[in-house]
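Residue strings, one per chain:
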Amino acid sequence: MNRKNESKANFVKLQKDAQNVLSQNDKSRYTVPNLNLYPHQWLWDSCFIAIGLANYDIERAQIEILSLLEAQWHNGMMPNIILHTKSQHLKDHADRHSRIWRSFKNPNAPDQVETSGITQPPMLAEAIYKIGEKLPKLKRREWYKLTYPALLNYHQWLYKERDPHNEGLTLQIHPWEVGLDNTPPWMNELNDHLLPWWIRFVATTRLDNLIGWFRSDNNLTIKNERLTNVEALAFYSVQRRLRRKNYDFQKIIDHSLFAIEDITFNSILIRANYCLRQIANELEVRLPSDLIVSMRKSVDELDKLWDEYAEEYYSRDFISHRLLKTTSIGGLIPLYSGGIKKDRALRLVNSLKSERRFKSPYPVPSVPLDSNWFQDQRYWQGPTWINTNWLIIEGLKRYGFNDLAEDIRNSSIEMVQKSGFYEYFNPHTGEGLGSNSFAWSAALIIDLLVNF
Ligand code: GLC
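Our subject in this report is the structure included herewith.

The rules behind each value
- Residues numbered from 1 in each chain as written.
- Predicted model: local features only at pLDDT ≥ 70, side-chain atom pairs only at ≥ 80, totals over all residues.
- Heavy atoms only, no water.
- Helix = DSSP H or I, 4+ residues; strand = E, 2+ residues; numbered from the N terminus.
- Rg over C-alpha atoms; globule rule 2.2 N^0.38 Å.
- Areas by Shrake-Rupley, 256 points an atom, 1.4 Å probe, with all protein chains shown as cover.
- Lys, Arg positive; Asp, Glu negative; His and termini not counted.
- Charge placed at Lys NZ, Arg CZ, Asp CG, Glu CD.
- Patch = residues over 30% accessible without salt bridge, like charges linked within 9 Å, V, L, I, M, F, W, Y side chains within 5 Å.
- Salt bridge = Lys/Arg side-chain N within 4 Å of Asp/Glu carboxyl O.
- Phe/Tyr/Trp six-rings, centres within 6.5 Å; stacked < 30°, edge-to-face > 60°.
- Buried < 20%, exposed > 50% of the residue type's maximum accessible area, 1.4 Å probe, protein only.
- Lys NZ or Arg CZ within 6 Å of the ring centre and 35° of its normal.
- Near = heavy atom within 4 Å.
- Polar contact = N/O pair within 3.5 Å; in protein donor to acceptor, adjacent residues only side chain to side chain.
- Contact = heavy atoms within 4.5 Å.
- Pairing = 2+ DSSP bridges.
- Expected span 1.5 Å × (residues − 1).

1. Description of the overall build of the chain
The secondary structure content of the chain amounts to 19 helices and nine strands. For the chain, the C-alpha radius of gyration of 21 Å lies close to 22 Å, the compact-globule estimate for 452 residues. Each principal axis of the C-alpha atoms in the chain carries an extent, and together these give about 65 × 55 × 50 Å. Of the roughly 18700 Å² of accessible surface on the chain, a fraction of 49% belongs to carbon and sulfur atoms. One finds the centroid of the 56 positive side-chain charges in the chain at a distance of 2 Å from the centroid of its 53 negative side-chain charges.

Have a look at this one:
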C-alpha cells in the first residue's frame, strides 16, 4: 500500500472507531459524554455530538437535538444538564443530582424532565444549521421549521434575561455555564471575590486533602488531571447560592457579586446569531427587530473586549466592566465568532503560531505555555481539548488561514490515533487524559475527517 492509501485506510478505521464510541454512549434518544464520569446529557456536548452524527446518520443527529429541545425551560432557557431521571440505568446517579439541583422549584422548569438550573454555550443554532446543510432542500425547510420556534425563543431568552442592560453581551453566573470549568480567568474571580470563609479555611489548612474522598471524579480518573478540591468546593458553593434563589435570575443578579460577560460564551453566541439568521432567511421569516438590534450590538461590544496593549481578547466583569486580564484559550474563540476584523484574526493567528504562547507539539493548549497557570495535565488549565480545537479550526477556515487550520486538524487526528478518544490531552506529548471514550472527541474527529 502506498502512503496515501495507507493513511486513507487509517482514517476509515479511525472513523469507524469514533462511530463505535458514539454508539456505546448512545442511550437511544441522547448520547452521554462518558458512561461513567458523565452519565447524563449535556447541552453543548449534545450539539457537538449531533454535528458529528450528521456526517453519517442524519436522523439520529436530529433526534439528539430534539431530545435537547424537550428540556427547554418555559422561559426559553436551555439547561446545561438533562438528568433523565426516568431512565433506569441512571436512577441512583440522577436522583442524587436532582437533589443537588432541585430546579423543579423554579416555575419555568420543564414538566417532563429534570434538569440543572443554568445554561451552557449556545452551540444549538450551529448544530441545527449544520444538520440542515446536509439535508435536501425540502427536508431542510421542514427541519428548520420544526426547530425554529424553540431556537428563536432560546436566543430571545439569552438577550432578555442575560443582557439586562441591553449592552449586547450576555452574562454568565457560574463557570459551568462557560463549559471551560476551571479556566483561569474564572478561577481568579472566584478566588478574589467569592470564596466563603470555610473554603478559605479548608484551603489554608490543607484540609482539602482529607475531604477529597467525596468526589466521584477522582475515583474514576487520576487526581492531578481534575479540578483541585478547593475548586470543586467553590463550584458547589456557587451552585448552592443559585439553588437557594431557585435559579430566579432577578433575585440572583440583584445580590450577585459574580457575573461575567464571558468571551467564549459571547463569541459562540455571535456565530449562533449568524446561524439563526441563515435559518430565518431560508424560512423567509423576519427575526423580531429588537433581536436584530441586540445581535448587531453583540458584534460591536465584543470589540471592546480587545486589549490593544496585550493584543488579546478577555472576558469582562459585568458590573465594573473591568477586563479580566488572565489569558486562556477563551481569548482565541473570537476567531470562531466570525464577527471580528481580519487584522484582529491575524493577531490571534500570531499567538497560535508563537512557541511561547499556544504552539505546543499538540496544540491548542487551554492555557498559554508561558502562563503561571499552565499545567500540562490539569483539566482546563493546560491540556488540549478537541472541542476548542474544532472551534478554532472553523474560525481559521472562515478567515482563510487554511494552512494553520489544517495543521491543527492533523495534530488533533494524530492525538486520537496515538492515544484514543480521550476527554483531553497533554499538549506536550499528546497523551490522553481524563476519561476515555469521550463522545465529543469522537464526534468532532468524525467531522474533521469528513469535512476537510
Ligand atoms: C465538563 C466540561 C464541560 C462538559 C461536561 C460534560 O464539566 O468542562 O464542558 O460539558 O464536562 O462533558
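Next comes the rest of the write-up.
2. Considerations on a positive patch on the surface
Together, Arg96, Arg99, Arg102 and Lys105 line one region of the surface with positive charge. Take arginine 96: it is sitting in helix H4 (residues 91–101).

3. A look at the packing of aromatic side chains
What characterises a pair of aromatic rings is the spacing of the ring centres plus the angle enclosed by the ring planes. All chains considered together, the criterion is met by 20 aromatic pairs. A centroid spacing of 6.4 Å and a plane angle of 50° characterise the contact between tyrosine 336 and tryptophan 390, whose relative ring orientation is tilted. Taken as a pair, tyrosine 336 in helix H15 (residues 334–337) and tryptophan 390 in helix H17 (residues 386–398) lie far apart in primary sequence, 54 residues in all. Classification of tyrosine 336 by relative accessible area gives buried; the value is 1%. Residue classification places tryptophan 390 among the buried residues on the basis of a relative accessible area of 0%. Ring centres 3.6 Å apart and planes at 5° place the aromatic pair tryptophan 380 and tryptophan 385 in the stacked group. Residue class for tryptophan 380 comes out buried when judged on its relative accessible area of 2%. When its relative accessible area of 2% is taken as the criterion, tryptophan 385 is described as buried. Through pairs of rings, three or more aromatic residues link up here, namely Tyr38, Trp42, Trp44, Phe48, Tyr336, Tyr379, Trp380, Trp385, Trp390, Tyr424, Phe438 and Trp440. In this structure, lysine 342 packs its charged tip against the face of phenylalanine 401, placed 5.0 Å from the ring centre.

4. Comments concerning the site of the ligand
As a matter of local geometry, the ligand sits amid Pro33, Tyr38, Trp42, Trp44, Asp45, Gln120, Gly179, Asp181, Tyr379, Trp380, Phe438 and Trp440. Between the ligand and the protein, one listed contact pairs an oxygen atom with a side-chain N or O atom of tryptophan 44 at 3.0 Å. Taking tryptophan 380, its side chain carries an N or O atom lying 2.9 Å from an oxygen atom of the ligand. Surface burial for the ligand is 96%, taken as the share of its 310 Å² of free accessible area covered by protein chains.

5. As for the side chain of histidine 174
Within the secondary structure layout, histidine 174 lies in the loop between helix H6 (137–162) and helix H7 (184–194). A polar side-chain atom of histidine 174 sits 2.9 Å from the main-chain amide nitrogen of tryptophan 176. Here the side chain of histidine 174 touches phenylalanine 235 through a polar contact of 2.9 Å, landing on its backbone oxygen. Apart from residues lying up to four places away in sequence, histidine 174 is in contact with Ile118, Trp186, Phe235, Val238, Gln239 and Leu242.

6. Regarding the sheet that holds strand S7 (residues 323–324)
Read from one edge of the open sheet, three strands run S3-S6-S7, paired in antiparallel fashion. Whereas interior strands pair on both sides, the edge strands pair on one side only; in this sheet they are strand S3 (260–261) and S7. Both S3 and strand S6 (residues 315–317) contribute to a ladder of two bridges, which runs antiparallel. Among the inter-strand pairings, isoleucine 260 is bridged to a residue of S6, identified as aspartate 317.

7. Section: the environment of isoleucine 82
With respect to the helices, strands and loops of the structure, isoleucine 82 is situated in strand S2 (residues 81–82). Judged by its relative accessible area of 2%, isoleucine 82 falls in the buried class. Along the chain, isoleucine 82 and serine 98 lie 16 residues apart, while their C-alpha atoms are 9.8 Å from each other. Residues within four places of isoleucine 82 in sequence aside, it is in contact with His40, Gln41, Ser67, Leu68, Ala71, Val113, Glu114 and Thr115.

8. Topic: the side chain of serine 116
Among the structural elements, serine 116 can be located in the loop between H4 and helix H5 (124–133). A polar contact is formed between the side chain of serine 116 and the side chain of asparagine 80, at a distance of 2.5 Å. There is a polar contact of 3.4 Å between the side chain of serine 116 and the backbone oxygen of isoleucine 118. Each residue touching serine 116, except ones within four places of it in the same chain, is listed here: Trp73, Met77, Pro79, Asn80, Ile81, Trp101 and Ser103.

9. A word on helix H11 (residues 229–244)
With 16 residues, H11 should cover 22 Å at 1.5 Å per step; its first-to-last C-alpha distance of 22 Å lies within 8% of that length. Across the 16 residues that make up H11, a large majority, twelve, are buried. Buried residues of H11: Asn229, Val230, Glu231, Ala232, Leu233, Ala234, Phe235, Ser237, Val238, Gln239, Leu242 and Arg243, and no others. Phi turns positive, to about 55°, at asparagine 246, one or two residues after H11.

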